[in-house]
There are 4 protein chains.
Amino acid sequence: MCSRPHPKAVRSGRLGRPRSTEADTAILHATRAALVELGWSKLTMGDVAIRAGVAKTTLYRRWASKSELVIDAVAVLFDELELPDRGSLMADVEGVVLQFATLLERPETRTALMAVVAESTRDEALRSRIRSAIVNRQKTLVLQGRARAQARGELPYEENAESAARNADLIFDVIAGAVVHRTLVSAEPVDQAWAHSFTTLLLSGLTSLRNS
Amino acid sequence: MCSRPHPKAVRSGRLGRPRSTEADTAILHATRAALVELGWSKLTMGDVAIRAGVAKTTLYRRWASKSELVIDAVAVLFDELELPDRGSLMADVEGVVLQFATLLERPETRTALMAVVAESTRDEALRSRIRSAIVNRQKTLVLQGRARAQARGELPYEENAESAARNADLIFDVIAGAVVHRTLVSAEPVDQAWAHSFTTLLLSGLTSLRNS
Amino acid sequence: MCSRPHPKAVRSGRLGRPRSTEADTAILHATRAALVELGWSKLTMGDVAIRAGVAKTTLYRRWASKSELVIDAVAVLFDELELPDRGSLMADVEGVVLQFATLLERPETRTALMAVVAESTRDEALRSRIRSAIVNRQKTLVLQGRARAQARGELPYEENAESAARNADLIFDVIAGAVVHRTLVSAEPVDQAWAHSFTTLLLSGLTSLRNS
Amino acid sequence: MCSRPHPKAVRSGRLGRPRSTEADTAILHATRAALVELGWSKLTMGDVAIRAGVAKTTLYRRWASKSELVIDAVAVLFDELELPDRGSLMADVEGVVLQFATLLERPETRTALMAVVAESTRDEALRSRIRSAIVNRQKTLVLQGRARAQARGELPYEENAESAARNADLIFDVIAGAVVHRTLVSAEPVDQAWAHSFTTLLLSGLTSLRNS
DNA sequence: TCATAAACGAGACGGTACGTCTTGTCTTTAG
DNA sequence: CTAAAGACAAGACGTACCGTCTCGTTTATGA
């Protein structure tokens, strides 16, 4: 996707030994590996450095803190979501729900997301960094799905742009929130059946829920 | 509500000096205070001990880890949710959504919930502890609301018990997930307007969303 | 030998349950055992209590500190020194030197003596307790040996009582000091040969030392 | 005198920040100060670190235990003993006895020596460390004094080298043992009069002791 | 015989120090 | 000027003992 420049990538002059790009790759990879093995709280900078075959100084030269390093390391994991045209709004929603659920089943994603969100509850700067690096990037999926449904005639066009944006946000919160809650809090699987029930509810409302 | 026994509450025999219940109260209170002031990551056991006027040993005699202590400390905060009869399903849902949002606006609740969930992504024991201490306790609200709506004739009775349980779980995940995501991830307020839009969506489905 | 009353043996009235003498015995025995196994610094009151099958309270009811307990426990070990008449001053000295060395070869005695002395360097009360419980008790051996030698005509009688006492102290310090230093500091064995050389030096002076 | 390398002075390669020699000096100084003020048993590593203006980790990087630290800290104190030529064997011995006694009157020396010896009774490694760092270093004084006395004709030359070494050890144990016992166990002062009596006894034997 | 009073076991309590670990910085040599 | 290595100050961790304090129970008197 797009390039993510380092927060500390000042690249002031042309002088001196250039930074090793291999080190960057190794560090991010080591961070993801450590996150899976140890979890957020037991992940240490020293350990990441050793795994990456790098000095601790090199880490701190590039990232200011554990949080920022981890965000950068995991952000890329969430870029794989996409919305192929499955023919109907129903199918599109079910598809993306299952795709998201699959993503959250992987330990690194699961751990990364919640840990980063948790850490962010006390730090507005971190929170907005997460939103711009991870969350907002996925909102385009909602817009894309709605446009497609409107083209198909499944949904009406909305004249009021502001209200349209609000509705998109609401739908995003409902879909993402439900999947995350089901997966991480209730700790139940998001399978075909659940995805179907959820999509039905989303499209037709509470009264549509019937025995299945 | 119901009693919450300690994880380490072996209380084997009748022998020895009994554990101080005042210490318990003081520790849980101090934990909540420290959580608000410092957040999860800067909260230390030593600090909690000092605030509670208690020795560190006393903490460790009762709780095996910071996580378990914090869970026990904050679980009680979530017991204040209730579902007064507001006359219609719509009003009931809107009411509980706003109530939940208000709860999550308080820093201790917000911090505690996410931190504890994040920590739990690596520890099944912890996760189930959270579910039994916090989450499942609130599921009764869904059951209560549904029963009331059925009595009013707003919702049909479901014959299949299993399917009814599944639907209740789904609705719980959708409501809780949406509010949590809106509040903690999107970092936008859950106000009257949002609650109304969300409730409309939940009751009538996607197609019902119109400009407002 | 003589009875050693407890430091805390207040025995105020006649009322109440009398202190268990079995506990006393068990505690002192356990203390000696723990001292041998663990050494002074790793010996803990709790451990002694467990070994003795006794509550910690029972220990503290009788002894104010670890030091006092250990002193009382080991004092009895040093009471076994005696001075049988071996026919000459030379034989008497050699005999007692070897006897003392044998005593110090036993781990409990060795550990106990040095630990207690070391602890005492900062506490005059403890020091005098050690002297009266252990050290001075052995000074009679010097007096006894001198009297016997004088009776044999090996040593002259001393008219000046004060000077005689000073000399006895000097001889005690030389004998005890040399054996202790050889054993505990130089960490070399006190065997027949060394005892003979030492006794020769003590009796005849430096010039008497010849190749052997 | 000679250099004393650290026990943990691995100094493997040339890489990394070198250990601060100022920290070393500060730590050893702080240790001696703390030892005088608090005594062995109340001396804590944390306190030494604070006094030295150093982190606890820095202490543990260099010394494995309190014992080893204290030994290194106090070893230098015993290097001040020397044997100026006072004209006769008698005067030389008296001089060094008084010098040694003066040394042992200083609280840090007194406390350190006994505590370290006591601690060593259970640890052969520690014991040999003490011998090489403190005790054996002083044995040269005996050899020096004997050589001088032989040159003066006060003592005969010994042909048998092995026996000569044994005699030197014996004399060392007697002098050091007597002074230490008098000072630390009997807790009586080593003054001019005692030094004179002791030297007379050592040179001429028991029979030489007369009223004075 | 039964009340009284002290001693008992068990174990929780407030403290203090331990030795280890992690953080983020600093200081060296090598490239 | 960066890299690797590793020492540094700071401070939290969870454990181990200390000596004290409740508890409920047991064991001798002496009223």
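It should be emphasised that the depicted structure is a prediction, and the values quoted were computed from it without experimental measurement. (Residues numbered from 1 in each chain as written. Chains lettered and ligands numbered in written order. Predicted model: local features only at pLDDT ≥ 70, side-chain atom pairs only at ≥ 80, totals over all residues. Heavy atoms only, no water.)

Visitor: Got a minute to help me understand the overall build of chain A in this structure?
Guide: The secondary structure content of chain A amounts to 9 helices and 0 strands. Listed by position from the N terminus, the elements making up chain A come as α-α-α-α-α-α-α-α-α. Evaluated residue by residue, chain A yields a buried proportion of 50% over its 212 residues. In chain A, of all internal contacts separated by at least 6 residues, the share reaching a separation of at least 24 is 64%. (Helix = DSSP H or I, 4+ residues; strand = E, 2+ residues; numbered from the N terminus. Buried < 20%, exposed > 50% of the residue type's maximum accessible area, 1.4 Å probe, protein only. Contact = heavy atoms within 4.5 Å.)

Visitor: Looking at this structure, how should I read the environment of A176 of chain B?
Guide: Examined against the element boundaries, A176 of chain B turns out to sit in helix α8 (residues 161–185). Taking the C-alpha atoms as reference, A176 of chain B lies 8.2 Å from F100 of chain B; in sequence the two are 76 residues apart. In contact with A176 of chain B, other than residues within four places in its own chain, are H181 of chain A together with F100 of chain B.

Visitor: I keep staring at the protein's contact with DNA strand E and nothing clicks. Help me out?
Guide: Surrounding DNA strand E, one finds 44 residues, the nearest of these being T58 and R61 of chain B, T58 and R61 of chain C together with Y60 of chain D. Restricting attention to atoms of DNA strand E within 4 Å of the protein, one finds that 62% of them are sugar or phosphate atoms. Here a phosphate oxygen of DNA strand E sits 3.2 Å away from a polar atom, N or O, in the main chain of G46 of chain D. Listed by contribution, the elements that provide at least two residues to the surface near DNA strand E are α2 (45–52) and α3 (56–62) of chain A, α3 (56–62) of chain B, α3 (56–62) of chain C together with α2 (45–52) and α3 (56–62) of chain D. In terms of residue class, the surface near DNA strand E is made up of 13 nonpolar, 17 polar and 14 charged. (Near = heavy atom within 4 Å. Polar contact = N/O pair within 3.5 Å; in protein donor to acceptor, adjacent residues only side chain to side chain. Nonpolar A, V, L, I, M, F, W, Y, C, P; charged D, E, K, R; others polar.)

Visitor: Sorry if this is basic, but what is going on with the relation of the copies chain A and chain B here?
Guide: For the pair of chain copies, the relating transformation is a rotation about an axis with a translation along it. Mapping chain A onto chain B leaves a residual RMSD of 0.4 Å; the transformation is a rotation of 179° accompanied by 0.1 Å of translation along its axis. Look at the turn and shift together and you get a two-fold axis relating the two. The residues that chain A uses at the interface reappear at the interface of chain B in 100% of cases, marking a shared surface. (Least-squares fit on C-alpha atoms with pLDDT ≥ 70 in both.)

Visitor: Can you walk me through the packing of helix α4 (residues 66–75) of chain D against helix α7 (residues 124–152) of chain D in this structure?
Guide: Geometrically, a packed helix pair is captured by the angle between its two axes and the distance between the axes. Residue and element names in this part refer to chain D. Their axes nearest at 10 Å, the elements α4 and α7 cross at an angle of 10°. Classified by the interaxial angle, the pair formed by α4 and α7 is roughly parallel. Listed contacts from α7 to S67, E68, I71, D72, V74 and A75 of α4 are L126, R129, I130, A133 and I134. Of the residues assigned to the contact of α4 with α7, the class counts are 7 nonpolar, 1 polar and 3 charged. (Axes fitted to C-alpha atoms, helices over the stretch in contact; angles between N-to-C directions. Parallel < 35°, antiparallel > 145°, perpendicular 65-115°, else oblique.)

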